[in-house]
Amino acid sequence: MLSKRIIPCLDVRDGRLTKGVKFKGNVDIGDPVETAKKYYDEGADEIVFYDITASHEGRGIFLDVVEKVASTIFIPFSVGGGINSVQDMRDALNAGAEKVSVNSGAVKNPDIISEGAARFGNQAIVLGMDVKQVPVTADIPSGYEIVIHGGRKHMNMDAIEWAKTAEALGAGEICVNSIDADGTKDGYELNLTSTIAEAVNIPIIASGGAGNPQHMYDAVTKGKATAALIASIVHYGEYTIPELKRQMSAMGAKMRMSW
C-alpha cells in the first residue's frame, strides 16, 4: 500500500502567501519561501504553489518566487496559475517545479494536457479542478460544475466528465478543489472527491475544507484520495505536519513518518 500524502498548499498573490474562504476575502499571511521551507523541514510530502490571480489577470506565473521556493525544498513541488502553453510549462519546470498544474488554461485549450504529457511525461501534468455544486442539468448531470479564473467564471461543464476527459488526454493526477468547502475547515467534499476517484484511474488529491486530522483521514479513506491538500490549519498554526501525520497514522492511514 502506498503512503498517503500530506500536501501543504501555498496560494500566492502579488508574490505573497494569501488565504481566503470560498475563494473570497483573501488576506496576506506571510512569505511563501519561508513557509515552504518550514513545511519541508516538518516533513511535508509535497508542496503545491498556486499563483491564484495569474489567469484572471492574463499574465504568467511569478517565476522568481517559484525559483526561490524550489531552491529551499527537496520534495516534489507542483506549480500552477497562468499556465496556458507548453512554453509556460517548460518555464515552470526549468524554474524548479517537478509538476505543473493546469486549470483555466486546460479548460480553454484541452490540448495543452496532451501536449504537455508528450513533452514532459504524464507524471508532470496535474489537472487542477475548481468545482462548485450546482443544480443538476442536462449539461451538468453530476451537479458539480467546473469554474475557472479563481472561481469567477462558470463554464457549464460537468466536473466528472472533465476529469475523465483530462485523464484520456494524459493528465497524471487530478487535484479536486471544492469551492464550497474551501477555507471553511468543515471537512472535504467527500462525495465529489470519491465520485471523481471512482471515475478515473489516476491519483486524486482532495482539496478544500481540512479542519482537523479526522477530515484528512476521511479524505484518503471515504473520499478515496491518495493525498490531502491543506492550508489554513497549518498556515494559522493549529496543527503541525508531524502532528497531522501522527494522528492520521494512529487512525490507520499509512503515512511517511521519517524524513
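- By the naming in an unreviewed UniProt entry, the chain goes by Imidazole glycerol phosphate synthase subunit HisF and is assigned to Halodesulfovibrio marinisediminis DSM 17456.
- Taken directly from UniProt, the Catalytic activity (unreviewed entry) text for the chain runs: "5-[(5-phospho-1-deoxy-D-ribulos-1-ylimino)methylamino]-1-(5-phospho-beta-D-ribosyl)imidazole-4-carboxamide + L-glutamine = D-erythro-1-(imidazol-4-yl)glycerol 3-phosphate + 5-amino-1-(5-phospho-beta-D-ribosyl)imidazole-4-carboxamide + L-glutamate + H(+)".
- UniProt, in the comment section headed Subcellular location (unreviewed entry), describes the chain in these words: "Cytoplasm".

A closer look at the overall build of the chain
Phase 1: The number of helices and strands found in the chain is 11 helices and 12 strands.
Phase 2: Against the globule reference of 18 Å for 259 residues, the chain gives a C-alpha radius of gyration of 17 Å, in line with a compact fold.
Phase 3: Out of the 259 residues belonging to the chain, those deemed buried represent 57%.
Phase 4: Sequence-distant contacts, at least 24 apart, represent 63% of the contacts inside the chain between residues at least 6 apart.
Phase 5: For the chain, the computed accessible surface area is about 10500 Å², with 49% contributed by carbon and sulfur atoms.

Section: the UniProt feature "active site" (unreviewed entry) in the chain
Phase 1: The UniProt entry lists Asp-11 and Asp-130 under the feature "active site" (unreviewed entry), expressed in the numbering used here. The annotated residues occupy 120 residues of the chain but converge on a single region, no pair of C-alpha atoms lying more than 13.7 Å apart.
Phase 2: Along the polypeptide, Asp-11 turns up in strand β1 (residues 5-13).
Phase 3: We classify Asp-11 as buried; its relative accessible area is 14%.
Phase 4: Position of Asp-130 among the secondary structure elements: in strand β7 (residues 125-133).

With respect to unusual backbone geometry
Phase 1: Positive phi is not limited to glycine here, since Asn-156 has a value of about 55 degrees.
Phase 2: Within the fold, Asn-156 resides in strand β9 (residues 153-158).

Section: the packing of aromatic side chains
Phase 1: Counted under the stated rule, the structure contains two aromatic pairs.
Phase 2: Considering the side-chain rings of Tyr-40 and Phe-74, the 5.8 Å spacing of their centres and the 65 degrees angle between planes classify their relative orientation as edge-to-face. With Tyr-40 in helix α1 (residues 32-42) and Phe-74 in the loop between α3 (63-70) and β5 (77-80), this residue pair connects regions lying 34 residues apart in the sequence.

Comments concerning the pairing of β5
Phase 1: By the alternation rule, side chains of β5 split into Phe-77 and Val-79 and Ser-78 and Gly-80, which are all buried.
Phase 2: Pairing analysis gives four bridges linking strand β4 (residues 47-51) to β5, with the strands arranged parallel. The residue bridging Val-48 from the neighbouring strand is Ser-78, located in β5.
Phase 3: In this structure, β5 lies alongside strand β6 (residues 99-102), joined through three bridges in parallel fashion. In the sheet register, Val-79 faces β6, and the bridge partner there is Val-100.
Phase 4: On the question of chirality, the crossover connecting β5 to the parallel β6 by way of helix α4 (residues 86-94) is right-handed.

Calculation notes
- Residues numbered from 1 in each chain as written.
- Predicted model: local features only at pLDDT ≥ 70, side-chain atom pairs only at ≥ 80, totals over all residues.
- Heavy atoms only, no water.
- UniProt positions renumbered as here; feature names shortened; annotations may be inferred.
- Helix = DSSP H or I, 4+ residues; strand = E, 2+ residues; numbered from the N terminus.
- Rg over C-alpha atoms; globule rule 2.2 N^0.38 Å.
- Buried < 20%, exposed > 50% of the residue type's maximum accessible area, 1.4 Å probe, protein only.
- Contact = heavy atoms within 4.5 Å.
- Areas by Shrake-Rupley, 256 points an atom, 1.4 Å probe, with all protein chains shown as cover.
- Phe/Tyr/Trp six-rings, centres within 6.5 Å; stacked < 30°, edge-to-face > 60°.
- Pairing = 2+ DSSP bridges.
- Right-handed = clockwise from strand over helix to strand, strands pointing away.

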